[in-house]
Amino acid sequence: MTARILVVDDLPVNVKLLEARLTAEYFDVVTANTGMAALEILEKTPCDLILLDVMMPEMDGFETCRRIKANQKTQHIPVVIVTALDQPADRVNGLEAGADDFLTKPISDIAMLTRVRSLVRLKQLTDELRLRTETTQEMGINLPASSHDFSGERGRILLVDDKPTSYERLMSAFRDKHHLEIETNPQEGLLRASEGVHDLIIVNLGLKDFDGLRLCSQIRSVERLRHLPILIIVEPDEQARLMRGLEMGVNDYLVRPIDRNELYARVATQIRRKRYTDYLRDTVQFSLEQAITDPLTGLHNRRYMESHLGALVTQTAARGKDLSLLVLDIDHFKAINDTHGHDAGDDVLREFARRMKKAVRGIDLVCRMGGEEFVVVMPEADISIAYTVAERIREKVAVVPFPIHDGTEFVQATISIGVAMLKAGDTAEQLLKRADSALYAAKRNGRNRVVADAA
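Here goes a summary of the coordinates provided. (Residues numbered from 1 in each chain as written. Predicted model: local features only at pLDDT ≥ 70, side-chain atom pairs only at ≥ 80, totals over all residues. Heavy atoms only, no water.)

## Overview of the packing of helix α13 (residues 342–359) against helix α14 (residues 383–399)
With their axes 10 Å apart at the nearest point, α13 and α14 run at an angle of 140 degrees to one another. Judged by the angle between their axes, α13 and α14 are oblique. Judged by the twist between their axes, the crossing of α13 over α14 is right-handed. For the pair α13 and α14, the contacting residues are Phe 352, Arg 355, Met 356 and Ala 359 in the first and Val 389, Arg 392, Ile 393, Lys 396 and Val 397 in the second. (Axes fitted to C-alpha atoms, helices over the stretch in contact; angles between N-to-C directions. Helix = DSSP H or I, 4+ residues; strand = E, 2+ residues; numbered from the N terminus. Parallel < 35°, antiparallel > 145°, perpendicular 65-115°, else oblique. Left-handed = near helix turned anticlockwise from the far one by under 90°. Contact = heavy atoms within 4.5 Å.)

## Concerning helix α12 (residues 333–340)
Listing the buried residues of α12 in full gives Phe 333, Ile 336 and Asn 337. Take α12 and look down its axis: the buried residues cluster within an arc of 95 degrees, on one side only. Exposed and facing more than 90 degrees away from the buried side of α12 are Lys 334, Asp 338 and Thr 339. Looking at the buried side of α12, the elements it contacts are β12 (323–330), α13 and β16 (409–411). Where α12 terminates, the next one or two residues include Gly 341, which has phi positive at roughly 100 degrees. (Buried < 20%, exposed > 50% of the residue type's maximum accessible area, 1.4 Å probe, protein only. Arc of directions from axis to C-beta.)

## Some details on the sheet that holds strand β2 (residues 28–32)
Taking strand neighbours across the sheet as the criterion, the five strands line up as β2-β1-β3-β4-β5 in an open arrangement whose pairing is parallel. Every other strand in the sheet has two partners, leaving β2 and β5 (101–104) as the edge strands with one partner each. For this sheet, the mean inter-axis angle between neighbouring strands, taken without regard to orientation, is 20 degrees. The sheet contact formed by strand β4 (residues 79–83) and β5 spans four bridges and is parallel. Counterpart to Val 82 in the pairing with β5 is Leu 103. Contacts from helix α1 (residues 12–24) reach β1 (4–8), β2 and β3 (49–53) within the one sheet, and its direction differs from that of β2 by about 170 degrees. (Pairing = 2+ DSSP bridges.)

Nothing here speaks to function; it is geometry throughout.
If you want it as structure tokens, here you go:
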């Protein structure tokens, strides 16, 4: 894993020590000896993580962290507070300043590298999701207003622990802070985690009759749980098991005896990260849907239709099945726009889309090609079935007027339809072209009719 890490400390010996440890793990290290110098570096140099000492002259680490998190350009860079202070108040100050994690001097190599790798991995994932979101906005796709809770509070946590003294202590700690569910049976814990409603799962590695690491592995093997944060609780002498857990994708850990403030900090951090990355994934999914959906009618657009049809033609030819295509066009649509206005034209298009979806089968794909032209892709349908469906759509359009202007007026419309069926050796483009030619034949022959390709 390669990443650029900014080390900020006013003591040269501390800087050199951290730089040597991180460089040995093939990280690119940048250093600064004051908070102001760190801010100047961040303005010019992109970094993936910041190790920030608290006790510095002029501007301490807390204030430096606040400024980093207040800057839109740098607020997504993880900050790890490095301090010799281990009082609860110092951890609270760090959290309030926006710190993502803590390391207490003297720094353990395993603790530092674990935190660094975990945060860098998350930063890279977040960067990719943020980039896709920004690309979506640059494409002109308006994202929905966010209703996500990005705090690390009021999380839904699943604790897998079979020791009453252990889970009762955590129940007491989380009271009024999070919703904690206790599961003493590890296999039941896996099933409950699979419900996909939790923000975090905590696993006590000291389960009596079950290997806690195996449960972590099982959770990570479930597709829908790949991004569910896992926090493990280990004993001080379990370094080897801890490393195995981190290698298999555990996000964080706590060593007994558990400091309550550290517990709060690590849990809040994991919940906050999950909520933010969930939001980014939802945004990316929304943008993908928008990219292949016509915003006016809600139908798939031409881009999706062409991709889908290409794959379907290949699949149909290989299986020896039937495939038919309808190309539909609203007759004299320009006259509707000119007479009643473009809003009325939009009303007609939306209603036409609804009628088409009701008239076709569940496996058929209805798309808007653009303007007043539409396509229906009909798998496992020969020319006669496709013609029958086309005639049914044409008749419904011709007989029932279209409501416009919120239903206060109605307009009559008709459609012309071209039908074609996949022939041996056809490509998607050839099939579409033959259906399109049939449509133009219907237009030439007087409109308001269905014409099947005779090729």
